[in-house]
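Structure assessment
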Amino acid sequence: MSSGTYLQRCIACHSEFDLAARLYVCSRCGGLLDVDRREAIAIDPASLRELWRARKSSLDKRDRSGVWRFREFLPFADDVEVVSLGEGNTPLYDAPRCTDYCGLFHLKLKHQGCNPTGSFKDTGMTVAVTQARRIGARFVACASTGNTAASLAAYAARADLRCAIIVPGGQVSHAKLAQALDYGAKVLEIEGNFDVCMNVIRELSEDGAVYLVNSINPFRIEGQKTVAFELAEQLEWRVPDHLVLPGGNLGNSSAFGKGFRELLQSGLIDRMPRITVVQAAGAAPFARFYAEDDHRAFVNEEHPQTLASAIKIGAPVSWPKALRAVNETGGGVITVTEQEIADAKAVIGRDGIGCEPASATTVAGIRKLVSDGAIAQSDSVVAVLTGHLLKDTDYVMQYHSDSLLAPDGTHIAGNLSNRPIRTSASIGSIKSALSM
Ligand code: F0G
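Attention here is on the structure that accompanies the text. Just so you know, these numbers come straight off a predicted model, no measurement behind them. Numbers given to residues run from 1 along each chain, matching the order in which its sequence is written. Local features are withheld for residues below a pLDDT of 70 in this predicted model, meaning they are given only at 70 or higher, and side-chain atom pairs are given and counted only at 80 or more; totals for whole chains, interfaces and linings count all residues. Side-chain calculation: all heavy atoms of the structure are included, whereas hydrogens and water are not.

Looking at the overall build of the protein
- A tally of regular secondary structure across the protein gives 15 helices and 15 strands.
- For the protein, the C-alpha radius of gyration of 21 Å lies close to 22 Å, the compact-globule estimate for 436 residues.
- With the C-alpha coordinates aligned to their principal axes, the bounding extent of the protein is approximately 70 × 50 × 45 Å.
- Between buried and exposed lies partly exposed: a residue is buried under 20% and exposed over 50% of the maximum accessible area for its type, with that area taken using a 1.4 Å probe on protein chains only. Relative to its full complement of 436 residues, the protein shows a buried share of 58%. A run of DSSP states H or I qualifies as a helix once it reaches four residues; a run of E qualifies as a strand once it reaches two. Both are numbered from the N-terminal end. Both definitions apply: the radius of gyration is a C-alpha atom measure, and the globule rule equals 2.2 Å times residues to the power 0.38.

In structure tokens:
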């Protein structure tokens, strides 16, 4: 497929732009951009599924990637030189303890934390950095709560591009910062939260000096949408009733919406899952907006607060696309408390899976939706875990030593805590500590 098949189109005023135009939003109305096909192409779902399956045993770099394996739906010519770290191909786990905890019969966890840099960002970054190279960018940049930073830093290093990262000083987990530093990015810690970082980086990218690869960049969404493809394939093309994922800047919700929409339009699936976005109660502008009857004015949260630092975001850039995904699938937007996140995270851990706090909003949210009757016990549900357990070990250690404090200073109970036991090196005391 040639890249000439594609264009960029504003989701608000429908203005169209060339694929190579270095835009992040519509130059006419400021709306968000989609990368779209110029016209629908005829495909045979059965042979496409077979082709994608066959690629799993290929050694071609593009076939080894869980993103580029689906390249019929990506806006690049077939011979593009991809910047890949072998992203995607993440597991879809059964999770018996989480299933019980949520009160369900059928729950699976799609673990996007099993990507090369430990978060779902890699699936979008491989495409955005490949696009950066195609348009001749020399300098890539992003604002980040940590995972985008780690991911961009890695892919920029692979592509030999200069890389600048702007993060909220003192608010990013050490593990994520350590990654970005090790991959050689210039990391700027600024005073202010993620939303301030986002404003600054957008301004910096305006004159073209740096190429912005936050999820406002529609090429990021193109990569992330392939997770819907991979998930549908893992479920033998039977779509779950519900897909539940965390919401921060709302790029990922947008991407799942686009992915499932394209699968449906192409006849690869016969319906879309209901997409529900879960936010932390202290950083929930999208949930507040969604709860309003008329959905008119989106009001940012000026001081978002949550220990799930990945989603501590008050001015989510992609909310119009996320709203489209939620509305067209009949999903919803809900919030969960800090205590609910912490306990759900520990249950995910007990399944031998683990995740970072932001990801645990999903299991916490599903439990709530089941108890409210919005999800039936027999519904099939997939939760998207977005980041790896090792992304934020300070949080884990504090929870398990029952010393975790919410942003407002209230104590988060270590209801499922598992403290380390200090003991002497004698066999007797070790046996007694192990109740043997
Ligand atoms: N989960 C994790 C682990 C994240 O890092 C993020 C976002 C989200 C969920 C929310 O996804 O923004 O697409 O709604 N992290 C960004 C970052 C903001 O800079 O790493 P979203």
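A short note on unusual backbone geometry
- One non-glycine residue, W237, adopts positive backbone phi at about 65 degrees.
- Relative to the helices and strands, W237 is located in the loop between α8 (218–234) and β10 (242–246).
- You can call W237 buried: its relative accessible area is 11%.
- The backbone of S435 sits at a positive phi, close to 50 degrees, despite the residue not being glycine.
- Within the secondary structure, S435 is located in the segment after α15 (427–433).

Observations concerning the nonpolar core
- By nonpolar core is meant a set of buried Ala, Val, Leu, Ile, Met, Phe, Trp, Tyr and Cys residues that side-chain atoms within 4.5 Å join together. With 53 residues, the main nonpolar core has W68, V129, V140, L152, I165, Y211 and I216 as its most contacted residues.
- Of all the elements in the fold, those that place two or more residues in this core are α4 (121–134), β6 (139–143), α5 (147–159), β7 (162–168), α6 (174–182), α7 (194–205) and β9 (211–212).
- Looking at this core element by element, the count peaks at seven residues for α5.
- Contact definition: two residues touch when any of their heavy atoms are within 4.5 Å. Residues in contact with I216, not counting those within four places in the same chain, are Y24, V25, L32, M198, R202 and V317.

Quick notes on the environment of G184
- By the secondary structure assignment, G184 is in the loop between α6 and β8 (186–190).
- Given the relative accessible area of 56%, G184 is considered exposed.
- Placed 48 residues apart in sequence, G184 and A232 show a C-alpha to C-alpha distance of 36 Å.

Overview of a nonpolar patch on the surface
- A patch consists of residues exposed above 30% relative accessible area that lack any salt bridge, with like charges linked at up to 9 Å and nonpolar side chains (Val, Leu, Ile, Met, Phe, Trp, Tyr) linked at up to 5 Å. Per-residue and other accessible areas were derived by the Shrake-Rupley procedure at a 1.4 Å probe size, with only the shown protein chains allowed to occlude residues. Each salt bridge in this description consists of a side-chain nitrogen of Lys or Arg and a carboxyl oxygen of Asp or Glu lying within 4 Å of one another. A cluster of nonpolar side chains, contributed by I430, L434 and M436, occupies part of the molecular surface with about 330 Å² of accessible area.
- For I430, a relative accessible area of 33% translates into the label partly exposed.

Some thoughts on empty space enclosed by the protein
- Space inside and on the surface of the protein is sampled on a 1 Å grid over the protein atoms alone, with a cavity defined as a set of points where a 1.4 Å probe fits but cannot get out and a pocket as an open set with protein on both sides within 12 Å along at least 5 of 7 lines; lining residues have an atom within 4 Å of a point. Grid points are joined across faces, edges and corners, and a volume is the space filled by probe spheres set on the points. Here the structure, examined in full by the defined rule, presents three cavities of 30 Å³ or more.
- Taken together, 26 residues make up the lining of the largest cavity; nearest its centre are F120, K121, N249, A310 and I311.
- Broken down by secondary-structure element, the contributors of at least two residues to the lining of the largest cavity are α5, α8 and α9 (251–265).
- In terms of residue class, the lining of the largest cavity is built from nine nonpolar, 14 polar and three charged.
- Empty space within the second largest cavity amounts to approximately 50 Å³. When residues are grouped by polarity, Ala, Val, Leu, Ile, Met, Phe, Trp, Tyr, Cys and Pro land in nonpolar, Asp, Glu, Lys and Arg in charged, and all others, Gly among them, in polar.

Some details on the site of the ligand
- Neighbouring the ligand are 21 residues; T145, G248, N249, L250 and T386 lie closest to it.
- Definition of a polar contact: a pair of N or O atoms within 3.5 Å, with one able to donate and the other able to accept a hydrogen when the atoms are protein atoms, and with sequence-neighbouring residues admitted only if both atoms are side-chain atoms. Contacts to the ligand include N147, whose side-chain N or O atom sits 2.8 Å from an oxygen atom.
- A distance of 3.1 Å separates an oxygen atom of the ligand from a polar atom in the backbone of G251.
- Relative to its unbound accessible surface of 470 Å², the ligand loses 99% to contact with the protein.
- To be counted as sitting in a cavity or pocket, a molecule needs more than half of its atoms within 2 Å of that site's grid points. Using a 2 Å cut-off from the grid points, one finds that the ligand occupies the largest cavity.
- For the shell around the ligand, the elements supplying multiple residues, two or more each, are α5 and α9. In these notes, residues near a molecule or strand are those with any non-hydrogen atom within 4 Å of it.

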